[in-house]
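Examination of the molecular architecture
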Amino acid sequence: MNKKEKFNAFRGSLVIPGGRVGVLLVHSLGGNPVELRFVAQGIARLGHTVYCPLVPGLGGGTDTSGLSSWQDWYSALEQAHDELKAHCDVVIVGGLSAGSMLALRLARERAKDVDGLLLFAPTIWPNGWAIPMHFIFFKLVYHKWVASLMRLQQRAPYGIKDERIRKFVIDSFKSEGRPLEDLFGRGGGLVWEFKALARDVRRRLGEITQHACVFHPRFDDQSDLSNAFKLQRKLGGTVEVTVLDDSYHMVTLDRQRSLVVDRTVEFVQRLTRGIEEKAAVSRLVKGSGVAE
């Protein structure tokens with residue numbers, strides 16, 4: 001991709017121009033692309049194009065009306081994918097936490113245009129050890145208007161095990177003049193929409209056949225390790241799982257972020273090399289006139 005070419009990116013998105021291999025990364029529920037900066041920069045050093053869109057409605061502070069739906073989030077991701085696909089021949093899609101559900105749905109619906117998956121602390125349902133016990137009753141809420149009357153608050157350690165990093169994130173947020181409620185609070189309507197999205201994805205996991213690379217903490221405070229194991233069992237393609245022993249939920253920011261970046265880069269290199277080799281064999285077979 002020519003660095004002079006511009007993405008029609010959503011405001012607040014992260015775009016790193018590069019070559020014809022593109023990586024599309026989706027932030028968490030109520031999060032933003034900054035969560036994925038370390039991973040994005042690591043991939044970009046390979047010369048690839050990286051796009052981390054701020055998804056309207058999914059991103060923190062982008063759904064002030066409370067009217068956005070998971071279909072709106074997915075539609076925005078499709079637009080971002082179209083944008084990246086216009087510049088790239090190969091596209092790998094990834095997501096952090098709730099963003100992984102959008103990535104999986106895109107891989108299912110656009111199977112021919114998604115070449116691989118990167119899933120960071122994938123969350124089918126928030127069930128980590130820091131999630132309040134009464135949260136389980138949220139599953140009994142069947143109407144969004146009822147859910148919208150609720151306000152769900154995260155508890156310490158807020159997905160970050162390293163106290164220094166946690167303090168830095170909180171201080172950075174405060175410096176922007178935004179209340180911490182925006183960072184650690186989640187409207188019930190937002191969570192209800194995520195529940196509906198996860199249900200849609202969970203029902204058809206076997207149809208997702210792309211090679212997937214999963215990172216999940218053993219002691220995830222927000223999303224239990226069982227989320228990753230369920231994907232390992234149910235997804236239709238090859239699934240590689242790295243279990244982290246010194247991180248909490250925000251694996252792309254926490255203590256083992258360097259390990260996450262290194263193994264992500266290795267996976268992307270291996271995946272793209274395999275795609276290139278397969279394409280070379282295909283060209284050779286066609287050139288020889290031998291039927292595949």
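See above for the structure.
Parameters and conventions
Residues numbered from 1 in each chain as written. Predicted model: local features only at pLDDT ≥ 70, side-chain atom pairs only at ≥ 80, totals over all residues. Heavy atoms only, no water. Pairing = 2+ DSSP bridges. Helix = DSSP H or I, 4+ residues; strand = E, 2+ residues; numbered from the N terminus. Axes fitted to C-alpha atoms, helices over the stretch in contact; angles between N-to-C directions. Parallel < 35°, antiparallel > 145°, perpendicular 65-115°, else oblique. Contact = heavy atoms within 4.5 Å. Nonpolar A, V, L, I, M, F, W, Y, C, P; charged D, E, K, R; others polar.

**As for the sheet that holds strand E4 (residues 90-96)**
- Reading across from one edge, E1-E3-E2-E4-E5-E8-E9 is the order of the 7 strands in this open sheet, with mixed pairing throughout. The open sheet has two edge strands, strand E1 (14-16) and strand E9 (239-244), and neither has a second partner. Within the sheet, the average angular offset between the axes of one strand and its neighbour, ignoring direction, is 15°.
- Sheet analysis places strand E8 (residues 212-217) next to E9, joined by 6 bridges and oriented parallel. Counted as the bridge partner of Phe-215 is Thr-242 from E9.

**Topic: the packing of helix H2 (residues 70-85) against helix H7 (residues 188-202)**
- Where H2 contacts H7, the two axes come as close as 9 Å, and the packing angle between them is 65°. As far as their axial angle goes, H7 and H2 are roughly perpendicular. Residues Trp-70, Gln-71 and Trp-73 of H2 form the contact with H7, whose own contacting residues are Leu-190, Glu-193, Phe-194, Ala-196, Leu-197 and Asp-200.
- For the contact of H2 with H7, the class distribution of residues is 6 nonpolar, 1 polar and 2 charged.

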